[in-house]
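Results of the structural survey
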Amino acid sequence: MNLDINQARLSAELAKLATFSEAPAPAVTRILYTKQDLEARAYFKGLCLEAGLELREDALGNTFVRWTGSDPDLPAVATGSHIDAIPHAGMYDGTVGVLGGLEAIRALKLAGFKPKRSIELILFTAEEPTRFGVGCLGSRVMSGVLDTNGLAKLKDSEGKTPDEARQEAGFSDNLADVRLTEGFYYAFVELHIEQMPQLEQKNIPIGMVTAIAAPATLHIALEGAGGHAGAVLMPERKDALVCGAEIAQTIESVALTTGSIDSVATVGIFDIHPRAVNSIPSKVFMTVDVRDTDLGRRDSMVEAIKDAVWTISAERKLKATVETLNADPPASCAREITEATELASREFGLRTLPMVSRAYHDALFMARICPTGMIFIPCKDGVSHRPDEYSKPEDIERGVKVLGSVLARLSQA
Ligand SMILES: [Zn+2]
């Protein structure tokens, strides 16, 4: 099937979406339920209505855009991604999968394609953890990984719960209805920029994702003893920074020594107290993000890191606490979707690279309720979450073509 992607229209829509931002261009900042987020959603919904598609929204603002198939009772094939952006990010992360999904549907319609299963495009609420501290809020609740009790425990920096925030934003349905049943979808496939440089370096246009790594997030707090930098002698000290530094180094070596290149661990926040030039740091707060494609290996890293915290803090006579914020299992992508991606790419003469997604996406949670896959396209230097994030229009076009063909194949199955 020939799919005619309107590259100019899609580029213009991506550029327009980027204007709904708190930060000045080229940066994009779009936080959940802000004025900019709601305006961007309204713009997207307008485009979908123009394309003759049906809309529904759930209580969290997850938005479902449906192209009804000839057998509407069959579970639908879904695609989609997110449009929220962390502070000072770029304009392609997530948005390519949302507006690209819409363009794929428009191209299929233009080609005269008639789906058997309905095709749904999903705009997921808050893939980024900016406002409530957990990533993939919308898909997490949709998949049942986070229930309404768990949701009620989350708070933003002003102390608002997601329930309060979403009501203020105008989403008033029953939160318990956000969860989708297993079998609701026949399959889910997400188009996304790679956020790594492999495709660009190898000059391959399509990444066929085979597995999605998942993070465990730890919060570590250390409490030692402060004091005057001149008065407390070295053998008497319980310096929280030095203890934390030793833990951070051990975390690095834990990830380096699993024997797999897929193991990564990062101390992303390291705050010290009281932070004065002549004062011994008495407290440390640090976050650790631990990821792997293999759940067993990821969990062993988490255990090794906890052991290191207990051992090192005990040796240095500091108090330590470790809290596990989340420990999501990694996901394998479904064979039928990687195969459809391969076939679709071949149809357009495009080479594919099997790859692991080291960042996580809404697809990670969708994989809990239906067969799931991801299609990656190159982005410049692998840069993402920065204003200079960039994907070439022709690379986006190739990804949208493959997505369209994959949706068509799955919708006939
Ligand atoms: Zn993303």
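Turning our eyes to something else, we now look at the overall build of the protein. Scanning the protein from N- to C-terminus turns up 12 helices and 15 strands. Taking 2.2 N^0.38 as the reference for a compact globule, 413 residues should give roughly 22 Å; the C-alpha atoms of the protein span a radius of gyration of 23 Å, in line with that estimate. If you line up the protein on its principal axes, its C-alpha atoms span 80 × 45 × 40 Å. Within the span of the protein, comprising 413 residues, buried residues form 48% of the whole. Sequence-distant contacts in the protein: of pairs separated by 6 or more residues, those separated by 24 or more amount to 79%.

Two elements in contact, helix 1 (residues 7–18) and helix 12 (residues 393–412), have axes separated by 10 Å at closest approach and are oriented at 110°. Considering their axes alone, helix 1 and helix 12 lie roughly perpendicular with respect to each other. Mapping the contact onto sequence places Gln7, Leu10 and Ser11 in helix 1 and Pro393, Ile396, Glu397 and Val400 in helix 12. Its residues placed into classes, the contact of helix 1 with helix 12 shows 4 nonpolar, 2 polar and 1 charged.

In this section: helix 12. Taking 1.5 Å of rise per residue, the 20 residues of helix 12 would be expected to cover 28 Å, and the 29 Å separating its terminal C-alpha atoms lies within 8% of that figure. Extensive coverage of helix 12 is indicated by the burial of 17 of its 20 residues.

A few words now on the domain arrangement of the protein. On domain assignment, one finds that the protein holds domain 1 (7–213 + 330–412) and domain 2 (215–327). Distance from the C-alpha centre of domain 1 to the C-alpha centre of domain 2: 34 Å. The interface is formed by 7 residues belonging to domain 1 together with 10 residues belonging to domain 2. Residues of the side of domain 1 that touches domain 2, tallied by class, amount to 6 nonpolar, no polar and 1 charged.

We now examine the nonpolar core. In globular proteins that are soluble, nonpolar side chains generally tend to be buried together. The biggest cluster of nonpolar side chains holds 93 residues, and the ones touching the most others in it are Ile212, Leu403, Val406 and Leu407. Setting aside chain neighbours within four positions, we find Leu403 in contact with Thr79, Gly100, Gly101, Ala104, Val189, Leu191 and Ile375. Among the nonpolar cores identified, the runner-up in size contains 23 residues, and Ala255, Val284, Met286 and Ile305 belong to it.

This part is about the sheet that holds strand 10 (residues 264–273). Taken together, 4 strands build an open sheet; the order of strands is 10-11-9-12 and the sheet is antiparallel. Sheet topology places strand 10 and strand 12 (319–327) at the edges, where each strand pairs with a single neighbour. For this sheet, the mean angle separating the axes of adjacent strands, direction not counted, is 15°. Note: strand 10 against strand 11 (residues 283–292), 9 bridges, orientation antiparallel. By the bridge assignment, Ala265 is partnered in strand 11 with Val290. Contacting strand 9 (214–223), strand 10 and strand 11, helix 8 (residues 240–256) runs over the sheet at an angle of about 175° to strand 10.

The rules behind the values
- Residues numbered from 1 in each chain as written.
- Predicted model: local features only at pLDDT ≥ 70, side-chain atom pairs only at ≥ 80, totals over all residues.
- Helix = DSSP H or I, 4+ residues; strand = E, 2+ residues; numbered from the N terminus.
- Rg over C-alpha atoms; globule rule 2.2 N^0.38 Å.
- Buried ≥ 20, exposed ≤ 12 C-beta atoms within 10 Å, placed from the backbone.
- Contact = placed C-beta atoms within 7 Å.
- Axes fitted to C-alpha atoms, helices over the stretch in contact; angles between N-to-C directions.
- Parallel < 35°, antiparallel > 145°, perpendicular 65-115°, else oblique.
- Nonpolar A, V, L, I, M, F, W, Y, C, P; charged D, E, K, R; others polar.
- Expected span 1.5 Å × (residues − 1).
- Domains from an automatic or database assignment.
- Core = buried A, V, L, I, M, F, W, Y, C linked by C-beta atoms within 7 Å.
- Pairing = 2+ DSSP bridges.

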